[in-house]
Each structure stands twice: as structure tokens, then as C-alpha cells.
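Structure at a glance
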Amino acid sequence: MSAAPLLTVRDLCVSYRADRGALHALNGVSLDLAPGEFLGIVGESGSGKTQLLLAMLGLSAPGARLRGSIRYRGRELIAAGERALSSLRGARIAMIFQDPMTALNPYLTIGTQLTEGVRHHLGLSRAAAYRRAIDMLDAVHIAEPQRRFGQHPHELSGGMRQRIVIAMALILEPDIVLADEPTTALDVTVQAQILALLHELRARTRAAIVLVTHDLGVIAEVADRVLVMYAGRVVEQADALRLFARVRHPYTEGLRRSIPALSGPLPARLPCIGGNPPDPAALPPGCAFASRCAYVFERCHTTPPPLTVREPGHESACYHEGPLGSVLLR
Amino acid sequence: MTEPTLVVRELVVRFAVHGSGRWLRAVDGVSFTLERGETLGVVGESGSGKSTIARALVRLGPAATGAAWFRGANLLDLEGARLRAMREHLQIVFQDPLGSLDPRMRVGAILEEPLREFRPELGRAARRDAALAMLERVGLRAADLQRFPHEFSGGQAQRVGIARALMLKSELLVCDEPISALDVSIKSQIANLLKDLQQELNLSVLFIAHDLAAVRFSCDRILVLYLGRVMEIGSRSALFEAPRHPYTRALLQSVPIADPALARARRLVPLSGEIPSPLSPPSGCVFRTRCPVAEPRCADAAPPLRRVGASDVACHRAEEL
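The shown structure was predicted, so the numbers you read here are calculated from the model rather than taken from an experiment.

**Quick look at the overall build of chain B**
Along the backbone of chain B there are eleven helices and twelve strands. Against the 2.2 N^0.38 benchmark of 20 Å for 321 residues, chain B shows a C-alpha radius of gyration of 21 Å, consistent with a compact globule. Considered along the principal axes of its C-alpha atoms, chain B spans approximately 70 × 50 × 50 Å. Counting all 321 residues of chain B, 49% fall into the buried class. Contacts in chain B between residues at least 24 apart in sequence constitute 64% of all its contacts with a sequence separation of at least 6.

So, in C-alpha cells, the structure goes:
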């Protein structure tokens, strides 16, 4: 990791005002993204993973309060004006949304949606934009690209639509592609196709990819590095091979064990993490996972454990330092 | 051997295609048997017809032909009072836990409603006691009887949905993707709860799902569906350890493995393309357009479901695989 990071996030906090008081969506998130890196972010609903992506694009919902810093190639994005952000958005930092049907405009043809960005950002002529779009459709393995160019989203299958959304994200050759659960709405067989495509495109474009998912399996398939989020904080981060070889945080271990296996002995009951994630309007003062954790100490309830280096390249936010044994889950 | 709970024969569900005068066969000749106390999983991609089967059986879908024998009657023929009476024995748990609970009713009223309908002899106190007992059985508390659905998380709401479905101790429970919409850490809680209740009450369960790992944990036997037709039916061990149908194999190979070393070593795309439109299904075997081992004869004749090894398989080449 000698290259200067493309994107650095420091102590990012995002909160919203609600009837019940402030909702704390992100509570001090820091990360570095290297050029060309494939970063996986795992978390459940409410963990803040989508809020993090939206903040990186300057697309947090109206009324959001952002504190901390997000720098892209040294430029601060948090206080940046709408003009500066919109010149980055799509062109340098692009987004792939979860549901390809809602990410595409049903009234416009695939071609119009694909070429809008290149014509606006690069000022390409209609003919040049068309050629670029056809090349891009080819790159995401859409058969008969010329015919598809003139079709509307409803004429395509779910997997093809997601390929179009990916083509739209990549057509401006961004440095960073943010993907929010890009395969969650798809069937497993199509998910495997899309994950393979992301892999292939990453090698070809050298764009850094940040993929957010709730599925540890998806992360294991594609990510170089993994960040685990819980209640708006990063609780563990490491190189993917290192993380799965030795999970350090009880929450990550709980997630890993609660996934039933496809082979091997079947347990009579699945291990589970008891309880529910905390309410973002009423976060506990200490570790947000403490009430569900089997390794809880006194001070977990008072002071949140900081993200600490456990071995080179592996950080965990937990006071428990020993191995995570079978008593992990209740 | 006791009689099966449910015997489905040649189930066909058709939808009229708006404005075209044509019909689409979402379920096309599906037969299976659900034994007493058994959990049968139904898996397949979206568009395979699995939810359509669930809805046809509980009579929430369009008219179906064929037969579904349950308690001595064909479920598909029942109307009026006889259909209503049958609902006492046949309940469903839906995928969307919040969407399937009436937002204007308190949980207590939701749980008591089936009793008011089918146990009119019970007084107010007896109904309340039964609701409370079931609520506690699914892991919620007495105070929750007074709450409205929106006050619950997805996992808690699904507990209410399960409690409602079990208030009458029905013998057949249809679960349509009961854990798909839940968070990862909550899925295993609900899967455990369903399994415990199934055993305690000796329920016969039809378990619709697309998550194969969840199905392996929850089900005794599994039916694999593709474009409205059965590709393979077998016991859990037969299906997961020795899958015979190329589609079953592809589904299993498509599941991401939560182990980067293994995932990187295999990295493959088991199946290209997507499920075809049921408006124009392929001739012969409906899976042949995506099948990695298809031959010319697969386009000519649809392979019948036949016993190969420990499973029933609809593939011309099942023996060779």
C-alpha cells in the first residue's frame, strides 16, 4: 500500500434530526481507498454502509449533518459546493445501485441513458458517444448491443439491466466505483455472473471498487480488503484472506457462523446472534454490540472500544483479545 | 405409514396475458407429496413459479387446475363455506413481515382474530390467554400484545406473523420466503424458531425459498423448480450431496462461499443467461437453453420425472452425470 490513497475518510459522522431525537447513522468512520483496490463493506440494515456511500458522493439526504472529512485526491468533499461535486459525480466517482429497475429511467432508451454522461461530461458528439456506448455494452457482455441501445429498460431481463447500470457507471472511466448491494436483487446464478463481470472489469479499468453488501459470501468472492460495520462504526477491517482466516470481532464471527453451510455436518440449531441491532436514535454509550455479545466486559458498556491494530493489516474494535471460542453465541 | 398431509397432482396455474388473448403457464404440471410432519423445500430462481404454487394452494392466486388433496378434499375445488372452513387447517407465513400485518390492529387483536373466526366458543379471557401463550412461545413479551406492527423490527414482526399462522394449530403451514427479507443476524433466529415449532406441533411445512443454505437447514426434502416444472425432487442428503440435475448442480455452485481462499480457487460462472420468458418456453426440456450438457434430443422431448439414484430427476442424461 505505498501508493497515495485515492480517497480518505476521517472520523465521518452523519446524523439526521428526527421526531425521536438525532439519528446517528455514522459515528466516526475512517478508511483509505487505494487506486485499483476492491474494498468490501459488510453490514446489516442500519449499519451505516449505504450512508457511507451516499456521503462519498455528496448525496446524503437533505437535513443530514456531516462532520469529519472525505478527501478525494486531496480535495475535501464535505464542504464542497454542488458544482464541484457534480463534476466529480459520475465522472470520477460513480455509483451502481441495488435495484437496476429503479436506477434506470423507464421512459428513456438504454442508449440515451448511457450517452447522457459522456455527452455532458466529455462533450462528445452524438456519433462518438454512440461508438463509446456500443463498446461499453460489449465490455459488459451485452449481446446485440446495437439493438439493445434503442430499447427501453422493461425490455431487458434483471441481469441485463444490472449490466447496463454497470456500463453507465464505467463509461466515463471513473477512478472509483461505489456499488450498493449490486447483486442482492438478483438470483444466485445471475449474481455469480455479475460478480465475475465486476472482477473482469476491475482488472481492465483499474478503477477502485467499493462494494457494500450484507452477504459475507459475496465479500469472500470478490473483495481484496474487508471492512465490517455495525451501528455506524467500523468494528473490524483486514485483508480478506486474513480476515476469514482469523476473525477478531465477535460480531463478525457471529455473522460468519450464523450462515448455514452447504455441506458438512448440519447442526440441530443454527448458531445465532441474539437480540436486535440498536436503535440509531438511542445508541448506548459504550460498544453498540455489547448487549448481544458473549464476551462483554464492564467497560464495554461505558467506553466504546477503539479500532486497534491486532496484527499488521488487521484491526478490530473490541476489548476481548483472546481467541473467539464456541461460547461466542448464545 | 401414515397418509401424506398433501398430495399435489399435475398442478397448472395460468395467467391471462393482458390484451393478447394468450395464456402464460406459471406452473406447468407440478406433482409432489408432502408427508405428515415433513418440511418440503421448494427452490428455484425468480420466475420459476414457486410463490405461485404457494398462493394456489392457499387459494390466494388465480384459478388452478389439477388436484391438491388435503383432508379428503381437493383444495383447488373448494368454494364458499367449505373453503373458509378449510382455512382453519391451512395457514401461510409471508415474505414481507410488516406488509402482511394489518397496520391498524394491535398485535393482540391480530393473534385473536383467527380464534374469533374459528373458536367462537372461547371467551375473551381464553382468547387473550391463548394469544399471550403463543406470543411468548415465539419469543415476544406480554407487553407486545398492546403494540402496533410498525413498532416492531422485521424479525419481531415475522415472529408475530408466525404466531398468527399457528394460533389454530393448523396442520399444514405454507412459508413463502419466510426469512428472505430479514437481516443476516436475524435469519438464523427465525429459522431456528420455525424448526422448533415444526417439531413441537408436528407441522407439515411447504417451505418456499431461494436461499439454498437455509433450505438445507430447514427442509427434509427439496423440490427444484424451473420455469414452472419440476427438475428434481429428493431428500436433503441426496440433493446436496449427489445432485443429479444439471440445474440443481448449477444452483449449488452459484452460492458464494464465505471463504476467500476456496472462492478464489474455484471462481466460476456455473450458468450463463437467465430464465427464459414463460410466454415462450423452450421446446423439449425447458432448461436446455442454459444447460451445459444439453444435446439435440433435449429440444425434442421434455424428459419425464423418473427415479435416478435417490432422487426423482427430469433429465435425459441424469444417469451419466
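Past the structure itself, the notes keep going.
**Side note on the sheet that holds strand β5 (residues 75-76) of chain A**
Residue and element names in this part refer to chain A. Spatially, β2-β1-β4-β5 is the arrangement adopted by the four strands of the open sheet, whose pairing is antiparallel. In the strand order of this sheet, the two ends are held by β2 (21-33) and β5, each with one partner. Sheet topology places strand β4 (residues 65-72) next to β5; two bridges connect them, and they run antiparallel. Residue pairing in the sheet places tyrosine 72 in a bridge with arginine 75 of β5.

**Examining the packing of helix α4 (residues 110-122) of chain A against helix α7 (residues 158-170) of chain A**
All names here are of chain A. It is at 8 Å that the axes of α4 and α7 come closest, and there the two elements cross at 20°. Taken together, the axis directions place α4 and α7 in an arrangement best described as roughly parallel. Judged by the sense of rotation from one axis to the other, the crossing of α4 with α7 is right-handed. Together, Ile110, Gln113, Leu114 and Gly117 of α4 and Ile164, Ala167 and Met168 of α7 make up the contact between the two elements. Within the contact of α4 with α7, the residues separate by chemical class into five nonpolar, two polar and no charged.

**A look at unusual backbone geometry**
Residues and elements named next belong to chain A. The phi dihedral of arginine 73 falls on the positive side, at around 45°, and the residue is not glycine. For glutamate 173, which is not glycine, the phi torsion reads 50° and is therefore positive. Summarising the element assignment, glutamate 173 is placed in the loop between α7 and β7 (176-180). What makes glutamate 173 partly exposed here is the crowd of 14 C-beta atoms within 10 Å.

**Some words on the nonpolar core**
In this structure, A:Ala167, A:Ile176, A:Val177, A:Val210, B:Leu206 and B:Phe207 are the most contacted members of the largest nonpolar core, which totals 194 residues. There are two domains that each give this core at least three residues, and those are domain 1 (36-60 + 79-219) and domain 2 (241-321) of chain B. Not counting the four nearest positions on each side in its chain, B:Phe207 is found in contact with B:Thr39, B:Leu40, B:Gly41, B:Val42, B:Cys175, B:Val215, B:Ser218 and B:Cys219.

**Remarks on the domain arrangement of chain B**
Residue and element names in this part refer to chain B. Domain annotation for chain B reports domain 1 (36-60 + 79-219) and domain 2 (241-321). Look at where the C-alpha atoms of domain 1 and domain 2 centre, and you get two points 32 Å apart. Each side of the interface is counted separately: domain 1 has six residues, and domain 2 has five residues. Of the residues assigned to the side of domain 1 that touches domain 2, the class counts are three nonpolar, two polar and one charged.

**Details of the interface of chain A and chain B**
Listed as interface residues are 38 residues of chain A and, on the opposing side, 35 residues of chain B. At the level of secondary structure, the elements contributing two or more residues to the side of chain A that touches chain B comprise α8 (188-205), α9 (216-222), α10 (240-245) and α11 (250-258) of chain A. Among the elements that take part in the side of chain A that touches chain B, α8(A) stands out by supplying seven residues, more than any other. Taken together, the residues that form the side of chain A that touches chain B break down as 20 nonpolar, twelve polar and six charged.

**Topic: the packing of helix α3 (residues 107-118) of chain B against helix α5 (residues 154-166) of chain B**
Each pair of packed helices can be summarised by the angle the axes make with each other and by the distance between the axes. All names here are of chain B. Their axes nearest at 8 Å, the elements α3 and α5 cross at an angle of 25°. Taken together, the axes of α3 and α5 lie roughly parallel to each other. For the pair α3 and α5, contact is made by Val107, Ile110, Leu111 and Pro114 and by Val160, Ala163 and Arg164, respectively. In the contact of α3 with α5, the residues fall into six nonpolar, no polar and one charged.

**Structural notes on the environment of A:Arg225**
Here A:Arg225 lies in strand β9 (residues 225-230). A:Arg225 has contacts with A:Glu37, A:Leu39, A:Asp239 and A:Ala240, leaving out every residue within four places of it along the chain.

**What about the environment of A:Leu186?**
All names here are of chain A. Structurally, leucine 186 is set in the loop between β7 and α8. Spatially, the C-alpha atoms of leucine 186 and aspartate 99 are 8.8 Å apart, while their sequence positions differ by 87 residues. Setting aside anything within four residues of it in sequence, one finds leucine 186 in contact with Gly158, Gly159, Gln162, Gln191 and Ile194.

**Examining the pairing of strand β9 (residues 221-226) of chain B**
All names here are of chain B. Across the six residues that make up β9, a large majority, six, are buried. Relative to β9, strand β3 (residues 39-43) is paired through four bridges, and the arrangement is parallel. Within β9, the residue paired with valine 43 across the bridge is valine 224. The pairing of β9 with strand β10 (residues 229-235) spans six bridges and is antiparallel. Bridge pairing links valine 224 to glutamate 232 in β10.

**Comments concerning helix α6 (residues 184-201) of chain B**
What sets the pattern is the α-helix's 3.6 residues per turn: residues three or four places apart point alike. With 18 residues, α6(B) ought to run about 26 Å at 1.5 Å a step, and its terminal C-alpha atoms sit 26 Å apart, in line with that. Along α6(B), the residues that are buried comprise B:Val184, B:Ser185, B:Ile186, B:Lys187, B:Ser188, B:Gln189, B:Ile190, B:Ala191, B:Asn192, B:Leu193, B:Leu194 and B:Gln198. Looking at the buried positions of α6(B), the neighbouring elements they touch are α11 of chain A together with β3, α5, β7 (172-176), β8 (204-208) and α7 (212-218) of chain B. The positive-phi residue at the C-terminal boundary of α6(B) is B:Asn202, with phi of around 50°.

**Quick look at the environment of B:Pro4**
All names here are of chain B. Within the secondary structure, proline 4 sits in the segment before β1 (6-17). The exposure class assigned to proline 4 is partly exposed, which follows from the 16 C-beta atoms found within 10 Å. Put simply, proline 4 and glutamate 88 are 84 residues apart on the chain and 18 Å apart in space, counted from C-alpha to C-alpha. Not counting chain neighbours up to four residues away, the residues in contact with proline 4 comprise Thr33, Leu34, Glu35 and Arg36.

**A few points about the pairing of β10(B)**
All names here are of chain B. Across the seven residues that make up β10, a large majority, six, are buried. Connecting the antiparallel pair β9 and β10 is a turn made up of two residues, with leucine 227 showing a positive phi of about 50°. Where β10 meets strand β12 (residues 311-313), two bridges bridge the pair, whose relative direction is antiparallel. Opposite isoleucine 233, over in β12, you have aspartate 312 as the bridge partner.

**With respect to the sheet that holds strand β4 (residues 64-70) of chain B**
All names here are of chain B. Taken in spatial order, the four strands make up an open sheet running β2-β1-β4-β5, and their pairing is antiparallel. With one partner strand each, in any of the chains shown, β2 (22-34) and β5 (73-74) form the two edges of the open sheet. Pairing between β1 and β2: ten bridges, direction antiparallel. Its bridge partner lying in β2, valine 7 is registered against threonine 33. With respect to the sheet, helix α1 (residues 50-57) is in contact with β1, β2 and β4, its orientation differing from that of β2 by roughly 75°.

Conventions adopted
Residues numbered from 1 in each chain as written. Chains lettered and ligands numbered in written order. Predicted model: local features only at pLDDT ≥ 70, side-chain atom pairs only at ≥ 80, totals over all residues. Helix = DSSP H or I, 4+ residues; strand = E, 2+ residues; numbered from the N terminus. Rg over C-alpha atoms; globule rule 2.2 N^0.38 Å. Buried ≥ 20, exposed ≤ 12 C-beta atoms within 10 Å, placed from the backbone. Contact = placed C-beta atoms within 7 Å. Pairing = 2+ DSSP bridges. Axes fitted to C-alpha atoms, helices over the stretch in contact; angles between N-to-C directions. Parallel < 35°, antiparallel > 145°, perpendicular 65-115°, else oblique. Left-handed = near helix turned anticlockwise from the far one by under 90°. Nonpolar A, V, L, I, M, F, W, Y, C, P; charged D, E, K, R; others polar. Core = buried A, V, L, I, M, F, W, Y, C linked by C-beta atoms within 7 Å. Domains from an automatic or database assignment. Expected span 1.5 Å × (residues − 1).

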